[in-house]
Amino acid sequence: MNIRLSNTAAQRECRSNWHIAGLAPGVRLALAVLAIAAIWLVVLPRIGALPMVREYIAHNEALGINPAGKFYSEVPAMLRLLDRDE
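Residues numbered from 1 in each chain as written. Predicted model: local features only at pLDDT ≥ 70, side-chain atom pairs only at ≥ 80, totals over all residues. Heavy atoms only, no water.

So, about the overall build of the protein. Assigned secondary structure in the protein consists of four helices and zero strands. In sequence order, the secondary structure elements of the protein are arranged as α-α-α-α. The buried share of the protein, taken over its 86 residues, is 6%. Just so you have it, the protein exposes about 7,700 Å², and 64% of that area is on carbon and sulfur atoms. (Helix = DSSP H or I, 4+ residues; strand = E, 2+ residues; numbered from the N terminus. Buried < 20%, exposed > 50% of the residue type's maximum accessible area, 1.4 Å probe, protein only. Areas by Shrake-Rupley, 256 points an atom, 1.4 Å probe, with all protein chains shown as cover.)

As structure tokens, this is what we get:
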């Protein structure tokens, strides 16, 4: 069945879909930003505070591995480790 809708009917149907979801586009965007901020500011720091993760970070720092390095193959300490493993 092929139903053609006028522009106004199509626009009304599109608007009604937002009501089905229950949220306006701006609210959905705000919730997405809030979720990302919560992960970045709450979840990740808590993961970083776990003993296992702290030990891993301390181990890498003792080896001179900079976590801000773009690629570990570019970090001088990692190059020494790679050479040692070969």
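So that's the structure; there's more coming.
On the surface, Ile39, Trp40, Leu41, Val42, Val43, Leu44, Ile47 and Leu50 cluster together into a nonpolar patch covering about 770 Å² of accessible area. Mapping Leu41 onto the fold places it in helix α2 (residues 25-48). (Patch = residues over 30% accessible without salt bridge, like charges linked within 9 Å, V, L, I, M, F, W, Y side chains within 5 Å. Salt bridge = Lys/Arg side-chain N within 4 Å of Asp/Glu carboxyl O.)

So, on to α2. With 24 residues, α2 extends 33 Å from end C-alpha to end C-alpha; this agrees with the ideal 34 Å at 1.5 Å per step. Along α2, the largest kink reaches about 35 degrees and is centred on Ile39. (Expected span 1.5 Å × (residues − 1). Bend = angle between axes of the 7 residues up to and from the residue.)

Residues of the protein with pLDDT of at least 70 account for 60%, and the chain-wide mean is 77. Helix α1 (residues 7-21) is the least confidently modelled element of the protein, averaging 59 in pLDDT, while α2 averages 93, the highest of any element. (pLDDT = per-residue confidence, 0-100.)

With 12 residues, helix α3 (residues 51-62) should reach 16 Å at 1.5 Å per residue; the first-to-last C-alpha distance of 16 Å fits that figure. Within α3, only one of the 12 residues are buried, leaving the element largely exposed. Positive backbone phi, approximately 85 degrees, marks Gly64, located one or two places after α3.

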